[in-house]
Amino acid sequence: MNIYSSRPVVLCLSGHDPSGGAGLQADIEALLAQGCHAAPTVTALTVQNTVNVSDFRVLDREWILAQANAVLSDSPVAAVKLGMLGSVDMVATVVELLSAHPHLPMVCDPVLRAGGGGSLGKDEVGYAMRERLLPLATIATPNLPEARILADLPEGSADECAQKLLPFCKHLLITGGHGDEHEVHNRLYSRDGSRRTFTCQRLPGSYHGSGCTLASALAGRLALGEGLESAVQSALDYTWRTLRDAEQLGHGQFVPRRLPLDFCS
């Protein structure tokens, strides 16, 4: 007999990373750590490892819709997390899917580049995401290079990118891990003009799957009913601990150690 209460279900639409560092495996591990259940819909298959991505293939729209709708018709989904989409057609497919479920909080991680620098979508994907997908999102979580692509500001600051993107998105968390300052500044912007900066110590090295970890943890916190600002803080704290304890599983970037909260204090 089941003596446990059901965990919130988070629908994840992300790519598959065979190294296990990013993509759907990162989503599953991070959501499990928050006390949620991940329902993974595969959007793309990639050829990548901890060094870089060398190729990817986006799945057909019928497969995406069939996977996601199978979950949505069966489970009480509490939140949605978006990762790699890879094509303009996939953006349109996801917009069609999510437009039918506007009540669900949605975290959009605009995956446009791999940690090693390789492309995970053509430039027009960023434009399509900005124009069509961000208006459906509760919050988007780009790093600064991704925010620059979305805002079409190649040298823009976080503030300048936010000014360009907030008309499309209610809340925007621009992460600062790609800088070189001693401290990392993660900036939360809201359309009502409020903003808050979350500061943490910069860790040495570079990491494969940190953005996936953060966005999934944030979706999990929202699925649990946590308020937005508190959920951002919880997700950032958790992600920092996974990076602090990261492992070198290959020849490239470190992989976050996404253990449950009880094990990464």
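Everything here concerns the structure above.
First, a word on scope: everything that follows refers to the structure included in this document. The written sequence of each chain sets the order in which its residues are numbered from 1. A pLDDT threshold of at least 70 governs which residues receive local features in this predicted model, and a stricter bar of 80 or more applies before side-chain atom pairs are shown or counted, although totals over entire chains, interfaces and linings include all residues. As a rule here, side-chain values come from all non-hydrogen atoms in the structure, and water together with hydrogens is ignored.

Some details on the overall build of the chain
Part 1 of the argument: Each helix and strand in the chain was counted, giving eight helices and nine strands.
Part 2 of the argument: For 265 residues, the compact-globule estimate of 2.2 N^0.38 gives 18 Å, and the C-alpha radius of gyration of the chain, at 17 Å, lies within 12% of that figure.
Part 3 of the argument: In terms of its C-alpha atoms, the chain occupies a principal-axis envelope of roughly 50 × 40 × 40 Å.
Part 4 of the argument: When a residue's accessible area, from a 1.4 Å probe over protein chains only, is under 20% of the maximum for its type it is buried; when over 50% it is exposed; and in between it is partly exposed. Per-residue burial for the chain yields a buried fraction of 50% across its 265 residues.
Part 5 of the argument: In the chain, of all internal contacts separated by at least 6 residues, the share reaching a separation of at least 24 is 66%.
Part 6 of the argument: Accessible surface area values rest on a Shrake-Rupley calculation with a 1.4 Å probe, where residue burial reflects the displayed protein chains alone. Put simply, the chain shows about 12,200 Å² of open surface, and 52% of that area lies on carbon and sulfur atoms.
Part 7 of the argument: Taken together, the 21 basic and 28 acidic charged side chains of the chain have centroids lying 2 Å from each other. Think of it this way: any DSSP run of H or I at least four residues long counts as a helix, any run of E at least two long counts as a strand, and we number them from the N terminus. To get the radius of gyration, use the C-alpha atoms; to get the globule rule, take the number of residues to the power 0.38 and multiply by 2.2 Å. Here a residue-residue contact requires only that any non-hydrogen atoms of the pair lie within 4.5 Å. This count recognises Lys and Arg as positive and Asp and Glu as negative, with His and chain-terminal groups excluded. A charged residue contributes its charge at one atom only: NZ of Lys, CZ of Arg, CG of Asp or CD of Glu.

Structural notes on the packing of helix 1 (residues 23–34) against helix 7 (residues 210–223)
The packing of two helices is summarised by the inter-axis angle and the distance between the axes.
Part 1 of the argument: Interaxial angle, 0 to 180 degrees, is taken between N-to-C directions of lines fitted to C-alpha atoms, where a helix line uses only the stretch in contact. Between helix 1 and helix 7, whose axes approach to 8 Å, the crossing angle comes to 40°. In terms of orientation, helix 1 and helix 7 fall into the oblique class. Classified by chirality, the crossing of helix 7 by helix 1 is right-handed. Contacts from G23, A26, D27, A30, L31 and Q34 of helix 1 reach helix 7 at C212, T213, S216, A217, A219, G220 and R221. Note on terminology: angles under 35 degrees are roughly parallel, angles over 145 are roughly antiparallel, angles of 65 to 115 are roughly perpendicular, and the others are oblique. Here a crossing is taken to be left-handed if its near helix is turned anticlockwise relative to the far helix by less than a right angle, and right-handed if that turn runs clockwise.

Side note on helix 8 (residues 228–244)
Part 1 of the argument: Here, expected helix span is obtained from the residue count minus one, scaled by 1.5 Å. For helix 8, with 17 residues, the first-to-last C-alpha span of 24 Å sits near the 24 Å given by 1.5 Å per residue.
Part 2 of the argument: Taken together, the buried positions of helix 8 are L228, A231, V232, A235, L236, Y238, T239, R241, T242 and L243.
Part 3 of the argument: Buried-residue contacts for helix 8 involve helix 1, strand 6 (139–140), strand 7 (171–174), strand 8 (183–190), strand 9 (195–201) and helix 7.

Remarks on the environment of V255
Part 1 of the argument: On the secondary structure map, V255 appears in the segment after helix 8.
Part 2 of the argument: V255 sits in the buried class, given a relative accessible area of 4%.
Part 3 of the argument: Expressed as a C-alpha distance, the spacing of V255 and H171, which sit 84 residues apart in the sequence, is 28 Å.
Part 4 of the argument: The residues touching V255, leaving out its near neighbours within four places in the chain, are G21, T50, H208, A246, E247 and L249.

Here we look at the packing of helix 7 against helix 8
Part 1 of the argument: At a minimum axis separation of 8 Å, helix 7 and helix 8 run at an interaxial angle of 140°. Accordingly, the angle class assigned to the pair helix 7 and helix 8 is oblique. Once helix 7 is placed against helix 8, the crossing between them reads as right-handed. Residues S210, T213, L214, A217, L218, R221 and L222 of helix 7 form the contact with helix 8, whose own contacting residues are L228, A231, V232, S234, A235, L236, Y238, T239, T242 and L243.
Part 2 of the argument: Here the nonpolar group is Ala, Val, Leu, Ile, Met, Phe, Trp, Tyr, Cys and Pro; Asp, Glu, Lys and Arg are the charged ones; every other residue, Gly included, is treated as polar. Tallied by class, residues from the contact of helix 7 with helix 8 come to 11 nonpolar, five polar and one charged.

Focus on the environment of L228
Part 1 of the argument: Secondary-structure assignment places L228 in helix 8.
Part 2 of the argument: On the basis of relative accessible area, L228 is assigned to the buried category, the value being 18%.
Part 3 of the argument: Along the chain, L228 and H171 lie 57 residues apart, while their C-alpha atoms are 9.1 Å from each other.
Part 4 of the argument: Excluding residues within four positions of it along the chain, L228 makes contact with T138, I139, H171 and L222.

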